[in-house]
Amino acid sequence: MAKVAPELQYSDEHEWVARGAGNVLSIGISAVATDALGDIVYVDLPAVGDTVTAGETCGEVESTKSVSDLYAPVTGEVTEINPSVVEDPALINSDPYGAGWLFKVAAESEGPLLSAQDYASKNGGEL
């Protein structure tokens, strides 16, 4: 069973949200998603300065099994991307809640987010 980090919130599309300083939120994809995708080989992220809108696509993740859209769980301006995952997408598989984070957003608003408990119950993960 895939691990669900209890301190995070999650979207229905399997992105996680971590609170940072002020309104800056870190975004990644859950271990539930990485388990389903298999080995991730490519990631396309929004650029710094781009505006992302909650619930809309903002990039994609390609694995040995499929290509999946990346959805923004919040609305706001992208302030940082993780260059390490662009160079080595396997980090998303090996450490989805740590070194495998994708990008940060200065959030203006949030889309509907699930608690870790609700996300785990809905998707067969474990806290």
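We now turn to the structure provided with this report.

What counts as what
- Residues numbered from 1 in each chain as written.
- Predicted model: local features only at pLDDT ≥ 70, side-chain atom pairs only at ≥ 80, totals over all residues.
- Heavy atoms only, no water.
- Helix = DSSP H or I, 4+ residues; strand = E, 2+ residues; numbered from the N terminus.
- Rg over C-alpha atoms; globule rule 2.2 N^0.38 Å.
- Contact = heavy atoms within 4.5 Å.
- Pairing = 2+ DSSP bridges.
- Salt bridge = Lys/Arg side-chain N within 4 Å of Asp/Glu carboxyl O.
- Buried < 20%, exposed > 50% of the residue type's maximum accessible area, 1.4 Å probe, protein only.
- Axes fitted to C-alpha atoms, helices over the stretch in contact; angles between N-to-C directions.
- Phe/Tyr/Trp six-rings, centres within 6.5 Å; stacked < 30°, edge-to-face > 60°.
- Lys NZ or Arg CZ within 6 Å of the ring centre and 35° of its normal.
- Arc of directions from axis to C-beta.

1. Re the overall build of the chain
Check the secondary structure of the chain and you find 4 helices and 10 strands. When the helices and strands of the chain are listed from N to C terminus, the series reads β-β-β-α-β-β-β-β-β-α-α-β-β-α. What you see for the chain is a C-alpha radius of gyration of 13 Å, in line with the 14 Å of a compact globule of 127 residues. Expressed as lengths along the three principal axes of its C-alpha atoms, the size of the chain is roughly 35 × 30 × 25 Å. In the chain, 62% of the contacts between residues at least 6 apart in sequence involve partners at least 24 apart.

2. A closer look at the pairing of strand S6 (residues 57-63)
As paired strands, strand S4 (residues 40-44) and S6 are joined by 4 bridges and run antiparallel to one another. Following the sheet pairing, Asp 44 is matched in S6 by Glu 60. Bridging between S6 and strand S7 (residues 67-71) involves 5 bridges; their strand directions are antiparallel. Among the inter-strand pairings, Glu 62 is bridged to a residue of S7, identified as Val 67. Hairpin connection, S6 to S7: the antiparallel pair is bridged by 3 residues.

3. Points about the pattern of salt bridges
All told, the structure shown has 3 salt bridges when counted by the stated rule. The residue Arg 19 makes a salt bridge to Glu 110 at a minimum N-O spacing of 2.6 Å. You can see Arg 19 sitting in strand S2 (residues 15-19) and its partner Glu 110 sitting in strand S9 (residues 103-110), a full 91 residues away along the chain. Taking relative accessible area as the criterion, Glu 110 reaches 38% and is therefore assigned partly exposed.

4. Considering the sheet that holds S7
Strand order in the open sheet formed by 3 strands is S4-S6-S7, with antiparallel pairing between adjacent strands. Among the strands making up the open sheet, the edge pair consists of S4 and S7. Within this sheet the neighbouring strands show an average axis-to-axis angle of 25°, counted without direction.

5. Some remarks on the packing of aromatic side chains
Taken as a whole and judged by the stated rule, the model has 3 aromatic pairs. Relative to Tyr 97, the ring of Trp 16 lies with its centre 6.3 Å away and its plane at 50°, an arrangement referred to as tilted. Here Tyr 97 lies in the loop between helix H3 (90-94) and S9 and Trp 16 lies in strand S2, a separation of 81 residues in the sequence. Taking the relative accessible area as the measure of exposure, Trp 16 reaches 2% and is therefore buried. Among the aromatic side chains, those forming a connected cluster through ring pairs are Tyr 10, Trp 16, Tyr 97 and Tyr 119. The ring of Trp 101 has Lys 104 lying over it, and the distance from NZ or CZ to the ring centre is 5.0 Å.

6. Looking at helix H4 (residues 116-123)
Counting along an α-helix, one turn takes 3.6 residues, and residues three or four places apart therefore face a common direction. Taken as a whole, H4 has its buried residues at Ala 116, Tyr 119 and Ala 120. For H4, the arc enclosing every buried residue in end-on projection is 100°, short of the 170-degree limit, so these residues lie on one face. Residues Gln 117, Ser 121 and Lys 122 are exposed on H4 and point more than 90 degrees away from its buried face. Here the buried face of H4 lies against strand S1 (9-10), helix H1 (31-37) and strand S10 (114-115). Backbone geometry just downstream of H4 places Gly 124 in the positive-phi region, at approximately 70°.

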